[in-house]
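# Structural description and commentary
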Amino acid sequence: MIRLGILGSTRGTNLDAIVTAISHQQLAASIEIVISNKSAAPILSRASVFGLITEYCDSAGLTRESFDAKVSAILKHYHIDLLVLIGYMRILSAEFITTWQHKIINVHPSLLPAHAGKMDLEVHRAVIAAGEQETGCTVHYVTEQVDAGPILLQKKCSVLPDDTAEILKERVQQLEGIALVEAIIEISRRA
């Protein structure tokens, strides 16, 4: 069984898919801790509803490296095997990435390398503006270069003529949870 740690700053919608896959025994994993850098992040209340352990880490007055060391210590305390970023709105320090090398995954709402570095609705607006016929999401390992780590898998969907950024975001988000679960299953098979 793979021990998961979750880092999130936003709503944490994709947490639902992981919890569901675990409860339906599709995923041999346990979520040991959900950590946020924002005290009011909805992911913390979402995790609490599922009965998960949560922790808010305050970054006030800390350098990126000091904050990441604080987070890393918590993750080590819980013996985390794999760290999943779910809407985590911080750039990780080089030291953190080295410590957790090949143990951090992220889902990005585009078919990387397209639209790397963009976030949320900005990605979907760019897809529409470029006239792309297809988009989706990418689960990748996290490296020092943002959105450039090795790709684990991608899920695709069509871009429809009447799509707005909000409609497209919703369609892509439906793929993200599925993609994360599949990626975690694949990683656990390799372990």
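See the structure above.
Residues numbered from 1 in each chain as written. Predicted model: local features only at pLDDT ≥ 70, side-chain atom pairs only at ≥ 80, totals over all residues. Heavy atoms only, no water.

### Considering the overall build of the protein
Tallying secondary structure elements over the protein gives 6 helices and 7 strands in all. The secondary structure elements of the protein, listed N-terminal to C-terminal, are β-α-β-α-β-α-β-α-β-α-β-β-α. Whereas a compact globule of 191 residues would reach a radius of gyration of roughly 16 Å, the protein reaches 16 Å, a difference of no more than 12%. Projecting the C-alpha coordinates of the protein onto the three principal axes gives extents of approximately 50 × 40 × 30 Å. Partitioning the contacts of the protein with sequence separation of at least 6, the portion at a separation of at least 24 is 66%. For the protein, the accessible surface area stands at approximately 9300 Å², while carbon and sulfur atoms represent 51% of it. (Helix = DSSP H or I, 4+ residues; strand = E, 2+ residues; numbered from the N terminus. Rg over C-alpha atoms; globule rule 2.2 N^0.38 Å. Contact = heavy atoms within 4.5 Å. Areas by Shrake-Rupley, 256 points an atom, 1.4 Å probe, with all protein chains shown as cover.)

### Things to note about the nonpolar core
Core analysis: the largest hydrophobic core is formed by 36 residues, its most contacted members being Ile-18, Val-84 and Ile-105. Among the elements that make up this core, the one with the highest residue count is helix 6 (residues 165-190) (9 residues). Counting residues in each nonpolar core, the second largest holds 19 residues, with Cys-57, Leu-83, Trp-100 and Ile-104 among its members. (Core = buried A, V, L, I, M, F, W, Y, C linked by side-chain atoms within 4.5 Å. Buried < 20%, exposed > 50% of the residue type's maximum accessible area, 1.4 Å probe, protein only.)

### Observations regarding the pairing of strand 2 (residues 29-36)
Summarising burial for strand 2: 8 of the 8 residues are buried, a large majority. In terms of strand pairing, strand 1 (residues 2-7) meets strand 2 through 6 bridges, oriented parallel. Note that in strand 2 the partner of Ile-2 across the bridge is Ala-29. Handedness of the β-α-β unit built from strand 1, helix 1 (residues 15-23) and strand 2 comes out right-handed. The pairing of strand 2 with strand 3 (residues 54-56) spans 3 bridges and is parallel. Considered in strand 3, the bridge of Ser-36 is made with Tyr-56. (Pairing = 2+ DSSP bridges. Right-handed = clockwise from strand over helix to strand, strands pointing away.)

### Some thoughts on the side chain of Asn-37
With respect to the element layout, Asn-37 can be found in the loop between strand 2 and helix 2 (42-49). Given the relative accessible area of 11%, Asn-37 is considered buried. Engagement of the side chain of Asn-37 in a polar contact is seen with the side chain of Ser-9, the distance being 2.6 Å. Contacts of Asn-37, omitting those with residues within four sequence positions, involve Gly-8, Ser-9, Tyr-56, Cys-57, Phe-67, Tyr-88 and Arg-90. (Polar contact = N/O pair within 3.5 Å; in protein donor to acceptor, adjacent residues only side chain to side chain.)

### Quick notes on unusual backbone geometry
For the bond from Leu-112 to Pro-113, the omega torsion is 10°, close enough to zero to count as cis. Within the secondary structure, Pro-113 sits in the loop between strand 5 (104-108) and helix 5 (120-129). One non-glycine residue, His-102, lies in positive phi territory at about 65°. Considering the arrangement of structural elements, one finds His-102 in the loop between helix 4 (94-99) and strand 5. The phi torsion at Asp-147 lies on the positive side, around 60°, for a residue other than glycine. Relative to the elements of secondary structure, Asp-147 occurs in the loop between strand 6 (134-141) and strand 7 (151-158).

### Notes on the sheet that holds strand 7
With respect to topology, 7 strands assemble into an open sheet ordered 3-2-1-4-5-6-7, the strand pairing being mixed. Lying at the two open borders of the sheet, with one neighbouring strand each, are strand 3 and strand 7. In this sheet, neighbouring strand axes are inclined to one another by 20° on average, regardless of whether the strands run parallel or antiparallel. Along the sheet, helix 6 contacts strand 1, strand 4 (82-85), strand 5, strand 6 and strand 7; its crossing angle with strand 7, the most-contacted strand, is approximately 155°. (Axes fitted to C-alpha atoms, helices over the stretch in contact; angles between N-to-C directions.)

By themselves these figures say nothing about function.
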